Amino acid sequence: MLGAEPAPGTHRGADAAAPAAEAFGPTELVRQAVLAEEAGFGFVEISDHCHPWLDNQGHSPFAWTVLGAIAARTSRIGLATGDTCPTVRYHPAVIVQAAATLALLSGGRFVLGVGSGERLDERRGTAADGRPAHRGRTGEIARVRGEGG
């Protein structure tokens, strides 16, 4: 229904009816990913936020740890971050290191999804004009690291 509040465990957006990763604990997310692979899904993604979207969710596990556990328990399904934010939460070099490690652990099944941040805790690292302070640095560092730098 237009204008209605999202159901518990869901969020607004293009996939407003989809349960948000923040609605589940890490063990449950790994279990769901294993089931998704068994059911033939092509990929799973986890949003990378510090805090849950809704008060009734109560989770928001560390995305990189959960994705590593999923990589260890699956063999075919693609893995992705929904919106890793390269501002104050992570330095771009840390994101590149985490992504490269996960790509190796998953046999190349990982895709890095980068976003500008959705919550206030992710926006504190912005420049005065509102652009992320590290904007553009993640790709630059990834290229340098990929060339052996």
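Preceding block: the structure.
**Q** Would you take a moment to explain the environment of T84 for this structure?
**A** Residue position: T84 is located in the loop between β2 (78-81) and α3 (92-105). The spatial distance from the C-alpha of T84 to the C-alpha of V114 is 4.6 Å, given a sequence separation of 30 residues. Excluding residues that lie within four positions of it along the chain, T84 makes contacts with D48, W64, Y90, I95, L112, G113, V114 and G115. In terms of polar contacts, T84 uses its side chain to reach the side chain of D48, at 2.9 Å.

**Q** Looking at this structure, I do not really get the sheet that holds strand β3 (residues 110-111). What am I missing?
**A** Strand-to-strand pairing in sheets goes through backbone hydrogen bonds, with the strands running parallel or antiparallel. Read across the sheet, three strands follow the order β1-β2-β3 without closing on themselves; strand pairing throughout is parallel. Only two strands of the sheet have a single neighbouring strand rather than two, namely β1 (43-46) and β3. As paired strands, β1 and β2 are joined by four bridges and run parallel to one another. Opposite V44, over in β2, you have L79 as the bridge partner. On top of the sheet, helix α2 (residues 63-73) reaches β1, β2 and β3; it is set at about 180 degrees to β2, its chief contact.

**Q** What exactly am I supposed to notice about the packing of aromatic side chains here?
**A** Two measures describe an aromatic ring pair: the distance that separates the ring centres and the angle between the ring planes. Summed over all chains, the structure comprises one aromatic pair. Plain terms: the ring middles of W64 and F110 are 5.6 Å apart, the flat faces sit at 55 degrees to each other, and that makes the pair tilted. With W64 in helix α2 and F110 in strand β3, the pair connects residues that are 46 residues apart, well separated along the chain. In this structure W64 comes out as buried when scored by relative accessible area, which is 11%. The exposure class of F110 is buried, given its relative accessible area of 11%.

**Q** Looking at this structure, how should I read the pattern of salt bridges?
**A** Opposite charge on two side chains permits pairing when their charged atoms draw close. Applying the stated criterion across every chain, the model contains one salt bridge. Two residues, E28 and R31, come together in a salt bridge whose shortest N-O distance is 2.8 Å. Here R31 and E28 lie together in helix α1 (residues 26-38), a separation of three residues that amounts to about one turn.

**Q** Explain α3 here, please?
**A** Given 3.6 residues per helical turn, the α-helix brings residues three or four places apart onto the same face. Over its 14 residues, α3 runs 20 Å from end to end, which matches the ideal 20 Å to within 8%, given 1.5 Å per residue. Phi turns positive, to about 65 degrees, at G107, one or two residues after α3.

**Q** Looking at this structure, how should I read the nonpolar core?
**A** Across soluble globular proteins, you tend to see nonpolar side chains buried next to one another. V44, I46, L67, I70, L79 and F110 are the most contacted members of the largest nonpolar core, which totals 20 residues. Looking at this core, the elements that each hand over two or more residues are α1, β1, α2 and α3. When residues in this core are grouped by element, the largest group, six residues, is from α2. Not counting residues up to four positions away in its chain, the partners in contact with F110 are W64, L67, L79, A80, T81, A99, L102 and A103.

Cut-off values and rules
- Counting restarts for each chain: residues are numbered from 1 in the order of the written sequence.
- For this predicted model, a pLDDT threshold of at least 70 governs which residues receive local features, and a threshold of 80 or more governs which side-chain atom pairs are given and counted, while totals over whole chains, interfaces and linings are taken from all residues.
- With hydrogens and water set aside, each side-chain value is computed from the structure's full complement of heavy atoms.
- Secondary structure elements follow DSSP: runs of H or I of four or more residues count as helices, runs of E of two or more count as strands, with numbering from the N terminus.
- Whether two residues touch is decided by their heavy atoms; if any such pair falls within 4.5 Å, the residues are in contact.
- A 3.5 Å cut-off defines polar contacts: any pair of N or O atoms within that distance qualifies, except that in protein one atom must be a possible hydrogen donor and the other a possible acceptor, and neighbouring residues in sequence count only when both atoms are side-chain atoms.
- Two strands pair under a simple rule: DSSP has to find at least two bridges between them.
- Axes here refer to lines fitted to C-alpha atoms; in helices the fit is confined to the stretch in contact. Angles between the N-to-C directions go from 0 to 180 degrees.
- When two rings of Phe, Tyr or Trp (its six-membered ring) have centres within 6.5 Å they constitute a pair, described as stacked for plane angles under 30 degrees, edge-to-face for angles over 60, and tilted for the intermediate range.
- Each residue's exposure class comes from its accessible area (1.4 Å probe, protein chains only) as a fraction of the maximum for that residue type: buried when under 20%, exposed when over 50%, partly exposed otherwise.
- The rule for a salt bridge is simple: a side-chain nitrogen of Lys or Arg has to be within 4 Å of a carboxyl oxygen of Asp or Glu.
- To estimate the expected span of a helix, subtract one from its residue number and multiply by 1.5 Å.
- The criterion is simple. A nonpolar core is a set of buried Ala, Val, Leu, Ile, Met, Phe, Trp, Tyr and Cys residues joined through side-chain atoms within 4.5 Å.

As far as function goes, none of this settles anything; it's purely spatial.
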